[in-house]
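# Secondary and tertiary structure notes
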Amino acid sequence: MNLIPVGVLGTGRHVPERILTNQDLEKMVDTNDEWIRTRTGMRERRIARPDEAASDLSVPAAQEALKRAGITAADLDLIIVATVTPDMAFPSTACILQEKLGAKKAAAYDLSAACTGFIYGLANASNFIALGTYKYALIVGVEVLSKITDYTDRNTCVLFGDGAGAVVLGAVPEGHGFQSFELGADGAGGELLKLEGGGSRNPSSPASIEQKLHYLYMAGAEVFKFAVRVMGSAAEEALRKAGLTKEDIDLLVPHQANIRIIQSALHRLHVPEEKCMINLDRYGNVGAASIPMALAEAAETGRVKEGDRIVMVGFGAGLTWGASVLVW
Ligand code: ACO
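First, a word on scope: everything that follows refers to the structure included in this document. (Residues numbered from 1 in each chain as written. Predicted model: local features only at pLDDT ≥ 70, side-chain atom pairs only at ≥ 80, totals over all residues. Heavy atoms only, no water.)

## Describing the overall build of the chain
The line we're drawing: Helix and strand definitions follow DSSP, with helices as H or I runs of at least four residues and strands as E runs of at least two, each counted in order from the N terminus. Radius of gyration here uses only the C-alpha atoms, and the compact-globule reference equals 2.2 Å multiplied by the residue count raised to the power 0.38. Classification of residues uses two cut-offs on accessible area relative to the type maximum, computed with a 1.4 Å probe and protein chains only: under 20% is buried, over 50% is exposed, and between them is partly exposed.
From N to C terminus, the chain includes 11 helices and 13 strands. Relative to the globule expectation of 20 Å for 328 residues, the C-alpha radius of gyration of the chain, 19 Å, shows essentially globular dimensions. Considering only C-alpha atoms, the chain reaches an extent of 55 × 45 × 35 Å along its principal axes. Every one of the 328 residues in the chain was classed for burial, and the buried ones make up 55%.

## A short note on the nonpolar core
The test is simple: To qualify as a nonpolar core, a set must consist of buried Ala, Val, Leu, Ile, Met, Phe, Trp, Tyr and Cys residues joined through side-chain atoms within 4.5 Å.
Membership of the largest hydrophobic core comes to 45 residues, with the highest contact counts inside it found for Leu252, Val311, Val313 and Phe315. Going through the elements one at a time, α8 (220–241), α9 (259–269), β12 (309–316) and β13 (320–327) are the ones with two or more residues in this core. Sort the elements by how many residues they give to this core and α8 lands first, with 9 residues.

## Let's talk about the site of the ligand
Convention followed: By convention in these notes, a residue is near a molecule or strand provided one of its non-hydrogen atoms lies within 4 Å of it. Counted as a polar contact is a pair of N or O atoms within 3.5 Å, where, for protein atoms, one must be capable of donating a hydrogen and the other of accepting one, and residues adjacent in sequence contribute only when both atoms are in side chains. Using the Shrake-Rupley algorithm and a 1.4 Å probe, accessible areas are obtained, with residue cover drawn only from the displayed protein chains. Amino acids are sorted into nonpolar (Ala, Val, Leu, Ile, Met, Phe, Trp, Tyr, Cys and Pro), charged (Asp, Glu, Lys and Arg) and polar (every other residue, Gly among them).
Of all residues adjacent to the ligand, which total 24 residues, the nearest are Thr31, Arg39, Cys115, Asn258 and Arg260. Between the ligand and the protein, one listed contact pairs an oxygen atom with a side-chain N or O atom of Arg39 at 2.5 Å. For the ligand, whose accessible area on its own is 1000 Å², the fraction buried by protein is 74%. Counting only elements with at least two residues in the shell around the ligand, the list comes to α2 (33–40), α6 (154–157), α8 and α9. At 4 residues, α8 tops the list of elements feeding residues into the shell around the ligand. Looking at the shell around the ligand residue by residue, the class counts come to 14 nonpolar, 6 polar and 4 charged.

## Comments concerning the sheet that holds β13
Rule in force here: In short, DSSP must find at least two bridges between two strands for them to pair. The axes are straight lines fitted to the C-alpha atoms, using for helices just the contacting stretch, and the angles between their N-to-C directions are given from 0 to 180°.
Strands sit in the order β8-β13-β12-β11 across an open sheet of 4 strands; the sheet is mixed. Each edge of the sheet is formed by a strand with only one pairing partner; in this case those strands are β8 (177–185) and β11 (251–254). For this sheet, the mean inter-axis angle between neighbouring strands, taken without regard to orientation, is 10°. One ladder, built from 4 bridges, connects β11 with β12; its direction is parallel. By the bridge assignment for β12, Leu251 is matched with Ile310.

Shape descriptors only; they carry no functional weight alone.
What follows is the structure, encoded as structure tokens:
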């Protein structure tokens, strides 16, 4: 069976206007700019308005990706939204986005793999296109993490921000597009990173609010160790599946969780920092949006040219991880 080569036809990104700086955080919790910069690499992050939800951030990112791909929303066959901060439990944010974009013929669903969700979404959608089931797919990574962050907890509130990144996938010339995917999960680590409230285990109640179950919980040091291990191994496995080596990497686009996690991945992969897309200094950790936002910025700013081999790699709650090799 002949598979159709699948690649990225267009990228887009969008962030809310409001900026929350390290100096602002100094006034909110017992922290300081120096600690945040040296321990995380972050300087500022974007925060959505009270009335702004995931689908609102997704629309401009998606429209930009459609424009760059040279197609309209009506051409889309599939919309996948990767997020842990959907507008609501259901309907899916993908369905809300489908309506807002006017993508009348597109199938639409959300995908829950936390910060790895965008890579999982790419793998999902590219299979449909490779088999000829669909022609065009929109994958959006979006988070409004400020709405599930406890701004009295200095261990987490300095890390997260809001934003959206989007790509349109479709057929590309032979030799281009996705060369491999490496996806993984380890449910045993589920306790390390979670939001317990509001599901069927702990429905919303005065008690769930009292116990702060509607805020993101993170065992930071354990997640850090997992991330350092898995970022390198997932990227190496994706390269191996693509028949490439570390030396072949033209651009690394990693999940933007912490500069020290990224630096350790660069060290292991022998990739110099100038071959790595980093934007966490301006946006913090934007969950599932961080890889597509970084990819869109790389495309817009001329960091990638035709034929470049891009390695995207991420990790997140679940625990989950994923990597992909993409020839631009
Ligand atoms: N300002 C000042 N001090 C702080 C702050 C802060 N904002 N946060 C923590 N500290 C303190 C701690 O309380 C601790 O103090 P103590 O020694 O008196 O107890 C000290 O700093 C050191 O704490 P560590 O946890 O050892 O700090 P570390 O260097 O590990 O950095 C961090 C913490 C940034 C959270 C790091 O562990 C990390 O990045 N972890 C991974 C985070 C991550 O990748 N999350 C992914 C989430 S993805 C998703 O699904 C949304």
